[in-house]
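Listed below are the residues making up each chain.
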Amino acid sequence: MNELFINWIANTPGYAAPYALAALGLILCERAGVLNLTAEGIMLVGALSGVGATLTMGGYPQLAIIIAMIMASLVSTLFATMTVLLRVNQVIAGLAMVFFCQGLTALLGNLFEWKNQPITGIGRIDVWPLSEIPVIGHIFFSQDLIVFLIIPIFYLVNRVLTRSMVGLRLRAVGESPEASDAAGINVTAYRFLTVMAGSALVGLAGAYISVASTKIWVDGVTAGRGWIALALVIFARWRPWRALLGALLFGAIESAMPRIAAAGIKVPQYFMLMLPYVVTLGVMIWVAWSKRGGATDEPGALGQPHVREERR
Amino acid sequence: MRSNWWLKIAAVATVAVGMMSGSAFADDAGFSLKAKPKIAIIMYGAKNDGGWTQAFEEARERMEKDLGMKIAYVENVDENAAKITPPVEKFIKKGYNIIIGTAFGYSDTFLALSKKYPDVAFLNGSGTTNGPNLQAFYGRTYESQYLCGMVAGAMSKTGKLGFVGANPYGVVNWTVNGFEMGAKLSNPKATTTAIFIGTWADPVKERAAAEALIDGGADVIGQHVDTPTPQIVAQERGVYGTGHHRDLSEFAPKATLCSSVWYWDRYLTPEIKKIMAGGWKPNPYGAFPTIKEGPTDIILNKNLVPADVVTKVMAERQALIDGKEIYAGPIVDVNGKEQVSAGKVLDDAGLWKMDWYVPGVITQK
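Keep in mind it's a predicted model, so treat the numbers as computed, not measured.

A. Just the overall build of chain A, in detail. A count of helical and extended segments in chain A gives 12 helices and 2 strands. Starting at the N terminus, the α and β elements of chain A follow one another as α-α-α-α-β-α-β-α-α-α-α-α-α-α. Taken along the three principal axes of its C-alpha coordinates, chain A extends 65 × 50 × 40 Å. The buried share among the 312 residues of chain A stands at 53%. Considering only contacts within chain A whose residues lie at least 6 apart along the sequence, 77% involve residues at least 24 apart.

Encoded structure:
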């Protein structure tokens, strides 16, 4: 039982990582006022690029992950062009991007024969001698590279967002693009580049799934995890650290499900499978409930295209 | 005189009933093609999906040789009428008159199409609908998985086997039970812990399940899901596995002991010859061929499995071909309830609705 518990906790970060990274990328975009529904699609781009780059280079998974981030960022320029430059409805553009990426990745995966090709990927790193400490060693010092980097990444992004001039301008663009524009901030450039930066993180989440987790590409390998990341953004009310907490909660559920089954503990099958979605719904209701009265954390101009000198 | 009068009425009535059910007479003659045969396969996934659909693609290539004709195909046809109907109708317009489907979700659409095109023969893999020119087919995968279980039981050191399944319904449950019964043949103390991940292809969930099973002490991982992920995890963790759909040793040469595989051409080639011969009568309950007819079989990885185990497994395979029944009574389930009584064999209806597990299977249910 004790071992079951330790294994469960030790495996949680690996399942939480894609949720956390994708949610962080989305928070970045949405704090700049761009409602980003593309996560599921951009994660697929990251996942395919990660496997494709590893196979093409015959190894170097760390480099492949960086390539995946760049590819995700490049594909997201299509979304940024549609929403920021052409001011297309962000919901429709986002959904269209998801379907586009699903088709594109399936097509390219087939064309280059990257499908069903196992890769070595990145594995666990034991930080010796800390990894030898009972319980704590297994949980905290025997994880993969990306999991170790998550706290620094979150710290860095949060720091930039809340404690730097760039972050202040980014948030201003998301709260009131008109005022930012009047203050001399280039709203279009800020939004365009933020979408690219945020999508790089979403792509990292996708690459984590294929390069660190499954170590194989199949069509639609992300299996809806992008949508859960989207719900996490609302759960976190656009705050990075809260998103990490929410991601850990989902990771813990996903890691617990097979372990409870493997231990032969009798819990109805479909109840377990339903659990993450029940939690998603519960959290949304809780957020909507607690929002009444107090000020909302939602960026003021979320989902609104900015047109200079346009009257609303 | 009196008896003669009754006889006349009976004769008239028989003729009248016969005339009224004219279509029944036509059915008795069976289905015959009106033009020269042209075959097309509607594939559910991509032909290189590494599993279910690829098994059909490999069968298609062998069938082209055996039948001496080109067989057309279309890939990635989702399980909804709007996706299925256009390619099928396009093929029919071009003169194709034997259409082979490959998915459970094609069942209703194929039934509708078979009524609309009575001169076209329809076959559907893992389908559930049948008609005068439509026949569903599937294989008795519990036989091949039973043999995989034998191998797993023989190769396991801990006696703890794991199994990653998709959803807990008939077609998966019978493989889990078959696997465990086969394992018991090699090691009477063997148990099978089955995890159902709730989907056919999600490598993240498959990996999570396989890792949880291995952490729990399982040292052979069986599977009835669509991707080779459980085998890859087994190889990473230095334990064994048994595959499904195709020979998965290409993904995990050091782990995959054997695979339960499809040879669809072994069923389809003779069935298509029957259609071509004329007077084809589809089974009203669908075709459900055994390992003897050959669409399901086992492929052993002889680099890993010792010769004495191979000999035993092949002897049991021969016993199945000679008519041994796996679901022959008496069988009690894990709760001690009798499911198949002594001297009886579980019928097909019982197989399809199987919702119980044999002792030694550990699940959440």
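B. The arrangement of the domain arrangement of chain B in detail. Residues and elements named next belong to chain B. As far as domains go, chain B holds domain 1 (39–137) and domain 2 (141–261 + 294–362). Distance from the C-alpha centre of domain 1 to the C-alpha centre of domain 2: 29 Å. For the domain 1 and domain 2 pair, buried surface summed over both sides reaches about 460 Å², with 54% attributable to carbon and sulfur atoms. Residue Glu-58 pairs with Arg-246 through a salt bridge whose shortest N-O separation is 3.2 Å. For the pair domain 1 and domain 2, the interface holds 2 residue pairs in polar contact (both at pLDDT 80 or more).

C. Main features of the interface of chain B and chain A. Tallying the contact residues gives 33 residues for chain B and 31 residues for chain A. Applying the counting rule to chain B against chain A returns 3 salt bridges. Across the pair Arg225(A) and Asp202(B) runs a salt bridge, and its minimum N-O distance is 3.2 Å. In this structure, the connection of chain B to chain A is made through 7 residue pairs in polar contact (both at pLDDT 80 or more). Sorting the residues of the side of chain B that touches chain A by element identifies β7 (191–196), α8 (203–215) and α9 (229–236) of chain B as the ones contributing at least two each. Looking at the side of chain B that touches chain A, the element that brings in the most residues is α8(B), giving 10 residues. Taken together, the residues of the side of chain B that touches chain A sort by class into 15 nonpolar, 10 polar and 8 charged.

D. Spatial organisation of the sheet that holds strand β10 (residues 256–262) of chain B. Residues and elements named next belong to chain B. Pairing is mixed across the open sheet formed by 7 strands, whose spatial order is β11-β10-β9-β8-β6-β7-β14. One side of each edge strand has no neighbouring strand; the edge strands of this open sheet are β11 (296–300) and β14 (361–362). Here strand β8 (residues 220–224) runs beside strand β9 (residues 240–245); their pairing, made up of 2 bridges, is parallel. Bridge pairing links Val-220 to Tyr-240 in β9.

E. How the structure looks around the packing of aromatic side chains. Residues and elements named next belong to chain B. Applying the stated criterion across every chain, the model contains 28 aromatic pairs over all chains. Relative to Tyr-357, the ring of Phe-196 has its centre 6.3 Å away and its plane inclined at 35°; by these criteria the two rings are tilted. Remark: Tyr-357 occurs in the loop between α12 (348–352) and β14 and Phe-196 occurs in strand β7; sequence separation between them is 161 residues. Taking relative accessible area as the criterion, Phe-196 reaches 5% and is therefore assigned buried. Residue class for Tyr-357 comes out buried when judged on its relative accessible area of 4%. Just above the ring of Tyr-96 sits the side chain of Lys-38; from NZ or CZ to the centre is 4.6 Å. Taking NZ or CZ as reference, Arg-140 lies 3.9 Å from the ring centre of Phe-288, over its face.

F. Just the packing of helix α6 (residues 145–163) of chain A against helix α7 (residues 165–175) of chain A, in detail. Residues and elements named next belong to chain A. Their axes nearest at 5 Å, the elements α6 and α7 cross at an angle of 70°. As summarised for this structure, α6 and α7 are arranged roughly perpendicular, according to the angle between their axes. Residues Val-160, Leu-161 and Thr-162 of α6 form the contact with α7, whose own contacting residues are Gly-167, Leu-168, Leu-170 and Arg-171. Tallied by class, the residues present in the contact of α6 with α7 amount to 4 nonpolar, 2 polar and 1 charged.

Cut-offs applied
Residues numbered from 1 in each chain as written. Chains lettered and ligands numbered in written order. Predicted model: local features only at pLDDT ≥ 70, side-chain atom pairs only at ≥ 80, totals over all residues. Heavy atoms only, no water. Helix = DSSP H or I, 4+ residues; strand = E, 2+ residues; numbered from the N terminus. Buried < 20%, exposed > 50% of the residue type's maximum accessible area, 1.4 Å probe, protein only. Contact = heavy atoms within 4.5 Å. Domains from an automatic or database assignment. Buried area = accessible area lost by both parts, 1.4 Å probe. Salt bridge = Lys/Arg side-chain N within 4 Å of Asp/Glu carboxyl O. Polar contact = N/O pair within 3.5 Å; in protein donor to acceptor, adjacent residues only side chain to side chain. Nonpolar A, V, L, I, M, F, W, Y, C, P; charged D, E, K, R; others polar. Pairing = 2+ DSSP bridges. Phe/Tyr/Trp six-rings, centres within 6.5 Å; stacked < 30°, edge-to-face > 60°. Lys NZ or Arg CZ within 6 Å of the ring centre and 35° of its normal. Axes fitted to C-alpha atoms, helices over the stretch in contact; angles between N-to-C directions. Parallel < 35°, antiparallel > 145°, perpendicular 65-115°, else oblique.

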